[in-house]
Amino acid sequence: MARNLSRLLHPQSIVVIGGGEWCRQVIVQAVAQGYVGPIWRVHPDPAPVEGIAAHATIAELPVVPDAAFIGVNRHLTVRAVGELARRGVGGAVCFASGFSEAVAEDAQSADLQADLVQAAGDMPILGPNCYGFINALDGALLWPDQHGCARVETGVAILTQSSNIAINLTMQLRSLPLAYVVTCGNMAQTSQAEIATALLEDRRITAIGLHIEGFGDVAAWHALALKAQAKGVPLIALKVGASEQARQATVSHTASLAGSEAGAAALLRRFGIARVHDLPCFLEALKLLHVSGPLQSNALSCISCSGGEASLAADTAADLNLVFPPLQDSQKSDLEMALGPMVALSNPLDYHTYVWGDVEQMTAAWLPMAAAHIGLVMLIIDYPHTDASAWEAATQAAIAVRAEAGRPVAVVATLPELMPLDVSARLLAAGVTPICGLREAMVVSEAAANMTPLQDVAPLVPGAVLPPRLLYEAEAKDLLRAHGVPVPKGVVVPSTADFGLAAGITAPLVLKGLGLAHKSEAGAVRLNLTHDSLACVAGGIVAESFLVEEMVEDGVAELLVGVTRDAAHGFVLTLGAGGVMTELWQDTVSLLLPVTEADVQAAIKELKTYPLLAGYRGRPAADITAITAAIMGLQACVIAHQSTMNEAEINPLICTKDRAVAGDALIMMAAGPPQKET
């Protein structure tokens, strides 16, 4: 159910329920922010606080307020929410803690949170265990502490579960215009995705930043992403939890590689939500998106007056999906005219200081770097905190380049403290992004330049699954073959006395002991055998039965292709370098099912092993079409059995110049008791 949050987030009147310093601060902060609507109080003591007398009960309020801040204990909070809902209040902030976040200390906390949600009914609530929100566009807020927000006409919205992080973010000194800061707390009723979706109704919001601890309802996030795309509002995420310490036991290589972090990354990618990994980059990314929106290209021009800075910029971007394109002939000729023969022309560009201090000449020297194929022009300028008067020309030139070229321009201070607030405010007003920190500049450029298009098709959402069992390899391959995945010709041999059953299999042969998840580690895989050697070799393998297959000899490369059921995100498809070194190489890309052939082929090109597939140094190239078809077959198998599928893996997928064959297969699914292979 989509709740109407407009009265809560844009209140024309508010009520503060409770006493003490927290509740007093709600009134103080509202007045300081310029809130002009009526403010009421509810408290047994009628003595005025900040000049406002209290009503003894909610029932005594003269009118129905739009929004309420509830600053009483958790039990009284539940009672107050019920009374407010019955009166038709537009929404409430539940400040109290001691609900589901305290279940380890108090087993009744979860029940109390359920009671809170029931009491609220259709009335939206934020929290519990949250600070509330700041609406700096309208000067409306329910916030029980100091903050650093100022009134703005347009700006970004930030949502986080953590009230402490929210306070810290409001204190940023980076000239980022904060339109909304919303703390979500426990999200007992109203989710982060639902709040962000409601904020998209405000046309003054330029970008939304999401500090995410967990996703919850995947469908709600998909709806948010679709609406954000339709309205042209970019989303950026700081998703925590990448360093998960305890994972559930897994059987496949895929599951050990994927985990919930891969699912989260795949979900963000699927929804076109850019991602960063720390708070400074989170703020700088929002700033870049506020000014320029998503970048059209990952191609950068970098300009500085120092060879050291130019080298540092190139090195800083080396591990990111960014490029510094070589200068085009037209750029070189224009640069030669502006800088003369003494400057080596390249990108990144060290223009020395020949034109320093002359706005017209600096503009002429920088303009050629703002070519149409460049996603962002990056000007490295560090302003001294002693006397920066000589740097005024650089500021004016940066603004002139933005105005004349019409391309995204950023002024980057290599050290965050060397970007003065007054300068950054001037740059921002002129459409130039001031970025604090060179590493931050590169990271946020990558994020803004690689925001993947959103797919209309929602990811598959797995339901509950019965305890899975491991399918024997032959059984797994039969299942995959039925969905179009090529597998080697083979036969199951019950014992060493029955290798005559393999007479129809063409040598060279592969012999495998069955019933093991990781046969290679157990020494249960032998290659390049003849029929005569099967029985002798099998004597050294501890197994109940054996699989004899034709050996695929002409492999160009080996891939891992697997799907894991991730209850929080969906079915995660992982592609990577395959074989026995899979975990060592850690060369993977993860996507959420369903995927298209184009998705698969784009992901394959992201792998470090892709040059092998493409034909490295004259070696034969693999058949990418055949690889794609095999992966789509695995997807078809998973979708057909999604109610029971837990894990499905092909490792290796042996890629040749004209086919892709499942060399080994592992499937975990709820399919009844184990059956002995025949």
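Residues numbered from 1 in each chain as written. Predicted model: local features only at pLDDT ≥ 70, side-chain atom pairs only at ≥ 80, totals over all residues. Heavy atoms only, no water.

Visitor: Would you mind showing me how to read the overall build of the protein here?
Guide: Assigned secondary structure in the protein consists of 21 helices and 29 strands. With the principal axes as the frame, the protein shows a C-alpha extent of 100 × 75 × 35 Å. The buried share of the protein, taken over its 678 residues, is 55%. Restricting to contacts in the protein with at least 6 residues of sequence separation, those with at least 24 account for 71%. The positive charge centre, built from 40 side chains, and the negative charge centre, built from 66, are 4 Å apart in the protein. (Helix = DSSP H or I, 4+ residues; strand = E, 2+ residues; numbered from the N terminus. Buried < 20%, exposed > 50% of the residue type's maximum accessible area, 1.4 Å probe, protein only. Contact = heavy atoms within 4.5 Å. Lys, Arg positive; Asp, Glu negative; His and termini not counted. Charge placed at Lys NZ, Arg CZ, Asp CG, Glu CD.)

Visitor: Please explain the packing of helix α12 (residues 359-366) against helix α13 (residues 392-405) as it appears in this structure.
Guide: Think of two packed helices as two axes; the pair is described by the angle between the axes and how far apart they sit. Contact geometry for α12 and α13: axes closest at 8 Å, N-to-C directions at 45°. The angle between α12 and α13 places the two elements in the oblique class. In this structure, α12 meets α13 at a crossing whose hand is right-handed. For the pair α12 and α13, the contacting residues are Val359, Met362, Thr363 and Trp366 in the first and Ala393, Ala394, Gln396, Ala397, Ala398, Ala400, Val401 and Glu404 in the second. Split into classes, the residues belonging to the contact of α12 with α13 amount to nine nonpolar, two polar and one charged. (Axes fitted to C-alpha atoms, helices over the stretch in contact; angles between N-to-C directions. Parallel < 35°, antiparallel > 145°, perpendicular 65-115°, else oblique. Left-handed = near helix turned anticlockwise from the far one by under 90°. Nonpolar A, V, L, I, M, F, W, Y, C, P; charged D, E, K, R; others polar.)

Visitor: I tried to follow the nonpolar core on my own but got confused; where do I start?
Guide: When a protein is soluble and globular, its nonpolar side chains tend to lie buried together. Ranked by size, the top nonpolar core spans 107 residues in total, and within it Leu159, Ile208 and Met442 carry the most contacts. Within the second largest apolar cluster, 43 residues are counted, among which are Ala622, Ala626, Cys637 and Cys655. (Core = buried A, V, L, I, M, F, W, Y, C linked by side-chain atoms within 4.5 Å.)

Visitor: Is there a simple way to explain the side chain of Gln161 in this structure?
Guide: Positionally, Gln161 belongs in the loop between β9 (155-160) and α5 (163-170). In this structure Gln161 comes out as buried when scored by relative accessible area, which is 17%. Looking at Gln161, its side chain comes within polar contact range of the main-chain oxygen of Gly185, at 3.1 Å. Among residues more than four places away in sequence, those in contact with Gln161 are Cys184, Gly185, Met187, Gln192, His211, Glu213 and Gly214. (Polar contact = N/O pair within 3.5 Å; in protein donor to acceptor, adjacent residues only side chain to side chain.)

Visitor: Whenever I open this one, the sheet that holds strand β12 (residues 235-239) confuses me. Can you help?
Guide: By way of backbone hydrogen bonds, the strands of a sheet pair with one another, either parallel or antiparallel. Pairing is mixed in the open sheet, where seven strands are placed in the order β8-β7-β10-β9-β11-β12-β13. Each having just a single partner strand, β8 (140-142) and β13 (274-276) make up the two edges of the open sheet. Going across the sheet, the axis of each strand differs from the next one's by a mean of 20°, ignoring polarity. In the sheet, strand β7 (residues 133-135) pairs with β8 via three bridges, with the strands oriented antiparallel. Looking at β8, one finds that Phe133 is bridged to Leu142. The strands touched by α5 are β7, β9, β10 (178-183) and β11 (205-212); relative to β10, the strand with the most contacts, the crossing angle is about 165°. (Pairing = 2+ DSSP bridges.)

Visitor: What's the story with the packing of helix α19 (residues 597-606) against helix α21 (residues 624-640) in this structure? I'm lost.
Guide: The contact between α19 and α21 brings their axes to 10 Å, and the two run at 120°. It follows that α19 is oblique to α21 by the angle criterion. Between α19 and α21 the crossing geometry is right-handed. For the pair α19 and α21, contact is made by Glu597, Val600, Gln601 and Ile604 and by Ile624, Ile627, Thr628, Ile631 and Met632, respectively. Among the residues forming the contact of α19 with α21, the class breakdown is six nonpolar, two polar and one charged.

Visitor: Even after reading the chapter, I still don't get the pattern of salt bridges, so can you show me in this structure?
Guide: Close approach of charged atoms allows side chains with opposite charge to pair. Inspection of the entire model under this criterion finds 21 salt bridges. A salt bridge links Arg204 to Asp138; the nearest nitrogen and oxygen atoms lie 2.9 Å apart. With Arg204 in the loop between α6 (192-199) and β11 and Asp138 in the loop between β7 and β8, this pair connects stretches of sequence that are 66 residues apart. Taking relative accessible area as the criterion, Arg204 reaches 27% and is therefore assigned partly exposed. The class for Asp138 is partly exposed, based on a relative accessible area of 31%. In this structure, Lys477 and Glu473 form a salt bridge, with 2.7 Å as the shortest nitrogen-oxygen distance. Linking Lys477 with Glu473, this pair stays in helix α16 (residues 473-481), spanning four residues, or about one helical turn. As far as the burial class goes, Lys477 and Glu473 line up, both buried. (Salt bridge = Lys/Arg side-chain N within 4 Å of Asp/Glu carboxyl O.)

Visitor: Can you help me understand the pairing of strand β25 (residues 570-577) in this one?
Guide: The side chains of a regular strand alternate between both faces of the sheet. The buried fraction of β25 amounts to eight of the eight residues, a majority that puts the element mostly inside the structure. Between the antiparallel neighbours strand β24 (residues 557-566) and β25 lie three residues. Relative to strand β26 (residues 588-592), β25 is paired through five bridges, and the arrangement is antiparallel. Pairing of Leu573 across the sheet is with Leu591, part of β26.

Visitor: Help me out: how do you make sense of the environment of Ile125 in this one?
Guide: Residue position: Ile125 is located in strand β6 (residues 125-126). The class for Ile125 is buried, based on a relative accessible area of 0%. Spatially, the C-alpha atoms of Ile125 and Cys94 are 6.9 Å apart, while their sequence positions differ by 31 residues. Among residues more than four places away in sequence, those in contact with Ile125 are Val81, Ala92, Cys94, Leu116, Ala120, Gln189 and Thr190.

Visitor: In this structure, what is going on with the pairing of strand β18 (residues 433-436)? I would like to understand it.
Guide: The two faces of β18 match: Thr433 and Ile435 on one face and Pro434 and Cys436 on the other face are all buried. Sheet topology places strand β17 (residues 409-413) next to β18; four bridges connect them, and they run parallel. Paired with Val412 across the bridge in β18 is Ile435. The β-α-β motif built from β17, the intervening helix α14 (residues 421-429) and the parallel element β18 has right-handed crossover chirality. (Right-handed = clockwise from strand over helix to strand, strands pointing away.)

Visitor: Any chance you could explain the sheet that holds strand β21 (residues 509-513) here in plain terms?
Guide: Strands sit in the order β20-β23-β21-β22 across an open sheet of four strands; the sheet is antiparallel. Because the sheet does not close on itself, it has two edges, and the strands there are β20 (490-493) and β22 (525-529). The mean inter-strand angle of the sheet, taken between neighbouring strand axes irrespective of direction, is 20°. One ladder, built from five bridges, connects β21 with strand β23 (residues 546-550); its direction is antiparallel. Of the residues in β23, the one forming a bridge with Leu511 is Val548. In the packing of α16 onto the sheet, the strands contacted are β20, β21 and β23, and the crossing angle to β23 comes to about 45°.

Visitor: Can you help me understand the layout of surface pockets in this one?
Guide: Empty space among the atoms can be located by rolling a probe the size of a water molecule over them. As a volume, the largest pocket reaches approximately 1600 Å³. When contributions to the lining of the largest pocket are tallied by element, the ones reaching two or more residues are α8 (253-270), β13, α15 (438-449), β26 and α19. Residue contributions to the lining of the largest pocket peak at nine residues, all from α8. Of the residues belonging to the lining of the largest pocket, the class tally is 21 nonpolar, nine polar and 11 charged. (1 Å grid on protein atoms, 1.4 Å probe; cavity = no way out; pocket = protein on both sides within 12 Å on 5 of 7 lines; lining within 4 Å. Points joined across faces, edges and corners; volume = space filled by probe spheres on them.)

Visitor: How should I be thinking about the packing of aromatic side chains in this particular structure?
Guide: For any pair of aromatic rings, geometry is given as the distance between the ring centres together with the angle between the planes. Evaluated as defined, the whole model comprises nine aromatic pairs. Here Phe95 and Tyr131 contribute two aromatic rings whose centre-to-centre distance is 5.8 Å and whose plane-to-plane angle is 45°, an arrangement assigned as tilted. Here the residue Phe95 occupies a position in the loop between β5 (92-94) and α4 (109-120), and Tyr131 occupies one in the loop between β6 and β7, the gap between them amounting to 36 residues. There is no split in this pair, since Phe95 and Tyr131 are both buried. Measuring from ring centre to ring centre gives 5.4 Å for Tyr131 and Trp143, while their planes differ by 85°; the resulting arrangement is edge-to-face. On the criterion of sequence distance, the pair formed by Tyr131 in the loop between β6 and β7 and Trp143 in the loop between β8 and β9 is long-range, its members being 12 residues apart. For Tyr131, a relative accessible area of 12% corresponds to the buried category. According to the relative accessible area criterion, Trp143 is buried, its value standing at 0%. (Phe/Tyr/Trp six-rings, centres within 6.5 Å; stacked < 30°, edge-to-face > 60°.)

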